[in-house]
Amino acid sequence: MFKATGGERVMEIFNNILLLLIAVTMLFPFLYIFSVSFSSVSDVLNSDFLLWPKEWVTDAYTYILGSDQFIRSLWVTVYITVVGTFVNLVFTSTMAYSLTRNIIGQRLILFLVLFTVLFSAGMIPTYIIVKETGLLNSLWALIIPVAISPFNLIIMTQFFKGIPEELTEAAIIDGANDIQIFSKVILPLSKPALAAFGLFYAVGHWNSYFSGVLYLNDPSKWPIQVILRQIVIVNEPNAALGGHAAMVEALPPPETVQMAAILLATLPILIVYPFLQKHFAKGVMLGSVKG
């Protein structure tokens, strides 16, 4: 008994050390980004690696936040994330509920739906569909084509099937229709699932850039990730921010602008996550344990 307790204690210490190392590894890039974004020109040019600013300078943030293009793209991303997540949850939950109903040909319908959403036609056919439906150069082109995630649909369908049938039967006896059952019985019991999938969808919309590059030709409609791509990968901060350099006396170093843009683009998700962490922890366990 004593040896087993000692072994468990050793494993606990080992797990804590391992988790601490993983946490440090994850936080290390954020510390580097934070340090470079607040560093001066001389520190960036003369230091190979910065873990803390030697001289605190906010020129990069002043330069970025003074750009109308950056602020506009931030609001565009917030709009896409909020509206897109709402559309995702509505489409996913309603389709998942409909697939749990006992109807004639349910298995065939389920197979056809899952086969359609699991196997995409490809980038070119999708682009043609977006173009022919008039969604090209519209923010809805970033929302409608990804309205349902096949993985989330399958998990949510299984979650709805796990809700006791006695609840829906009692609602039917009371005269409730499918819409009332879904809105007053199913959804209130599905808050952990909706919170988890809502977070998945929101992070996906916030981090998406390829759809913006593919479907949006108007720079005023670019989301923040497309602007960030222009700044970091293409290395054109002045062009990405709408020629903002003409309005400042000295352009900050590209490295500090890149790191400041990354930090500003990541910060909103980091702020929102703690408020959903409790429901997210419950939601990730969906379908893992039966009974």
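About the criteria used
Residues numbered from 1 in each chain as written. Predicted model: local features only at pLDDT ≥ 70, side-chain atom pairs only at ≥ 80, totals over all residues. Heavy atoms only, no water. Helix = DSSP H or I, 4+ residues; strand = E, 2+ residues; numbered from the N terminus. Buried < 20%, exposed > 50% of the residue type's maximum accessible area, 1.4 Å probe, protein only. Contact = heavy atoms within 4.5 Å. Areas by Shrake-Rupley, 256 points an atom, 1.4 Å probe, with all protein chains shown as cover. UniProt positions renumbered as here; feature names shortened; annotations may be inferred. Phe/Tyr/Trp six-rings, centres within 6.5 Å; stacked < 30°, edge-to-face > 60°. Axes fitted to C-alpha atoms, helices over the stretch in contact; angles between N-to-C directions. Parallel < 35°, antiparallel > 145°, perpendicular 65-115°, else oblique. Left-handed = near helix turned anticlockwise from the far one by under 90°. Nonpolar A, V, L, I, M, F, W, Y, C, P; charged D, E, K, R; others polar. Patch = residues over 30% accessible without salt bridge, like charges linked within 9 Å, V, L, I, M, F, W, Y side chains within 5 Å. Salt bridge = Lys/Arg side-chain N within 4 Å of Asp/Glu carboxyl O. Expected span 1.5 Å × (residues − 1).

Visitor: Tell me about the overall build of the protein chain, and please be specific about residues and values.
Guide: Scanning the protein chain for helices and strands turns up 14 helices and zero strands. When the helices and strands of the protein chain are listed from N to C terminus, the series reads α-α-α-α-α-α-α-α-α-α-α-α-α-α. Taken over 291 residues, the protein chain has a buried fraction of 36%. Contacts spanning at least 24 positions in sequence make up 71% of the contacts within the protein chain whose residues lie at least 6 apart. Summed over its atoms, the accessible surface of the protein chain is roughly 17700 Å², and 68% of this surface lies on carbon and sulfur atoms.

Visitor: How would you summarise the UniProt feature "transmembrane region" (unreviewed entry) in the protein chain if you had to cite specific residues and measurements?
Guide: As annotated by UniProt and renumbered to match this structure, "transmembrane region" (unreviewed entry) occupies residues 12-34, 74-96, 108-129, 135-155, 193-216 and 257-276. The distance separating the terminal C-alpha atoms of residues 108-129 is 26 Å; by composition the span is 82% helix and 0% strand. When the span residues 193-216 is considered, its composition is 88% helix and 0% strand, and the gap between its end C-alpha atoms is 32 Å.

Visitor: Quick one: what's the story with the packing of aromatic side chains, residue by residue and with numbers?
Guide: In total, this model carries eight aromatic pairs according to the counting rule given. Ring centres 5.8 Å apart and planes at 70° place the aromatic pair Phe34 and Trp56 in the edge-to-face group. Of the two residues, Phe34 sits in helix H1 (residues 2-37) while Trp56 sits in the loop between helix H2 (41-46) and helix H3 (59-65), which places them 22 residues apart along the sequence. When the centroid spacing of 6.1 Å and the interplanar angle of 15° are considered together, the rings of Tyr127 and Tyr215 count as stacked.

Visitor: Would you mind going over the packing of helix H4 (residues 68-100) against helix H9 (residues 178-186) in detail, with residue names and values included?
Guide: Contact pair H4 / H9: the axes reach a minimum separation of 12 Å and the direction vectors enclose 115°. Taken together, the axes of H4 and H9 lie roughly perpendicular to each other. The crossing of H4 and H9 is right-handed. Of the residues in H9, those touching H4 at Ser93, Thr94 and Tyr97 are Asp178, Ile181, Phe182 and Ile186. In the contact of H4 with H9, the residues fall into four nonpolar, two polar and one charged.

Visitor: So, the packing of H4 against helix H7 (residues 150-161): which residues are in play, and what are the values?
Guide: Close contact between H4 and H7 brings their axes to 8 Å; oriented N to C, the two are set at 50°. Between H4 and H7, the angle falls in the class oblique. When the axes of H4 and H7 are compared, the crossing they make is right-handed. Along the contact surface, H4 presents Thr92, Ser93, Met95, Ala96, Tyr97, Leu99 and Thr100, while H7 presents Asn152, Leu153, Met156, Thr157, Phe160 and Lys161. Considered class by class, the residues forming the contact of H4 with H7 number seven nonpolar, five polar and one charged.

Visitor: Describe a nonpolar patch on the surface, and please don't skip the residues or the numbers.
Guide: Residues Leu27, Phe30, Leu267, Leu270, Ile271, Val272 and Phe275 make up a contiguous nonpolar surface patch of roughly 690 Å² in combined accessible area. Mapped by element, the contributors of at least two residues to the nonpolar patch are H1 and helix H14 (254-283). Broken down by element, the residue count for the nonpolar patch peaks at five residues, all from H14. Assignment of secondary structure puts Phe30 in helix H1.

Visitor: So what about the side chain of Asn152? Which residues, and what values?
Guide: Of note, Asn152 is situated in helix H7. Those residues in contact with Asn152 that sit more than four places away from it in its chain are Thr92, Phe197, Phe200 and Tyr201.

Visitor: Give a description of H7 that names residues and reports values.
Guide: Helical periodicity: at 3.6 residues per turn, an α-helix aligns residues three or four positions apart in one direction. The end-to-end C-alpha separation of H7 is 17 Å, in line with the 16 Å expected for twelve residues at 1.5 Å each. Within the sequence span of H7, burial applies to Pro150, Asn152, Leu153, Met156, Thr157, Phe159 and Phe160.

Visitor: Describe unusual backbone geometry, naming the residues involved and giving the relevant values.
Guide: Glycine aside, the phi torsion of most residues is negative, and most peptide linkages are trans. Residues other than glycine seldom take positive phi values, yet Asn137 does so here, at roughly 65°. Its place among the elements puts Asn137 in the loop between helix H6 (123-132) and H7.

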